[in-house]
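Each chain, letter by letter, is given below.
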Amino acid sequence: MLGLIGLVIPFLLYLIIPMRKKYRYLGALFVTIFYLLIFLPSLRQDHRLAKYGVQQIGVLTNKNCDIKNKQHVEYRFVVNQKEVSGAGRPGNGNQSCENFQIGDQVFVTYVPGDETINVPERNVEDHIFGWSFGFFALYLCLLWFGNEGEKFRKKGKSSR
C-alpha cells in the first residue's frame, strides 16, 4: 500500500503545483522518467528472458495461494548439474496456484549464464513496445492535465 502511495505522489504533485508552461513540459517529462526508472529493471528482465530465455522444467517446493493477487510459488530446477532455486507468481504455461501440489512440475524460463534471472513461466513475452507507448501516453496525458488545470486556475482567478 505504501508503495502505491509513493507512485501516486509525483503525479499528484505535478497536478497540484502551479507551473509556467515551459516548466510544465519539463515536469511532465520528469514524472514520466521517474516512472520509467521505477519499472526499468522489470522491463529489462522481461526483455532478457523473452530474447535469450531457455525453458526448463522444475519442481514445486512451496506455494502460497491464500491471497488472490499475491500468489507465490517456490521451485528449483537443474542447470549444468547445478541446482537453482527461484520464486515468483505462477505464470503463462503453468497451472493455477490452487491446483499445484508440492512436487509437481513447474515450467521455468531462465537466462543462460545468469540462472538467477528466472521466472515460473513457459513463455515470457517482451512488452517493450507496449510499455514505450504507455510512457509516451503518460507524458501526453500529464501535459493535457496540466494545461487543463492551468485553464481552470485562470478561469477561477478571472471570475473573482
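What counts, and at which threshold
Residues numbered from 1 in each chain as written. Predicted model: local features only at pLDDT ≥ 70, side-chain atom pairs only at ≥ 80, totals over all residues. Heavy atoms only, no water. Pairing = 2+ DSSP bridges. Helix = DSSP H or I, 4+ residues; strand = E, 2+ residues; numbered from the N terminus. Axes fitted to C-alpha atoms, helices over the stretch in contact; angles between N-to-C directions. Contact = heavy atoms within 4.5 Å. Disulfide = S-S within 2.5 Å. Buried < 20%, exposed > 50% of the residue type's maximum accessible area, 1.4 Å probe, protein only.

*Asks:* Explain the sheet that holds strand S4 (residues 105-111) here, please?
*Replies:* Pairing is antiparallel across the open sheet formed by 5 strands, whose spatial order is S3-S2-S1-S4-S5. In the strand order of this sheet, the two ends are held by strand S3 (82-88) and strand S5 (114-119), each with one partner. Each adjacent strand pair in this sheet contributes to an overall mean axis angle of 40 degrees, direction not counted. Relative to S4, strand S1 (residues 54-64) is paired through 6 bridges, and the arrangement is antiparallel. Each residue of the ladder has a partner; that of Gln56, found in S4, is Val108. Contacting S1, S4 and S5, helix H2 (residues 21-52) crosses the sheet at an angle of about 100 degrees to S5.

*Asks:* What is the right way to read the state of the cysteines from this model?
*Replies:* What makes a disulfide is a covalent bond joining the sulfur atoms belonging to two cysteines. If you walk through the whole model with that rule in mind, you get 1 disulfide. Note that Cys65 is cross-linked by a disulfide to Cys97, the S-S spacing being 1.9 Å. On the sign convention where negative means left-handed, the S-S torsion of about -80 degrees between Cys65 and Cys97 marks this disulfide as left-handed. Of the two residues, Cys65 sits in the loop between S1 and strand S2 (72-79) while Cys97 sits in the loop between S3 and S4, which places them 32 residues apart along the sequence. Judged by relative accessible area, Cys97 falls into the buried class, the value being 0%.

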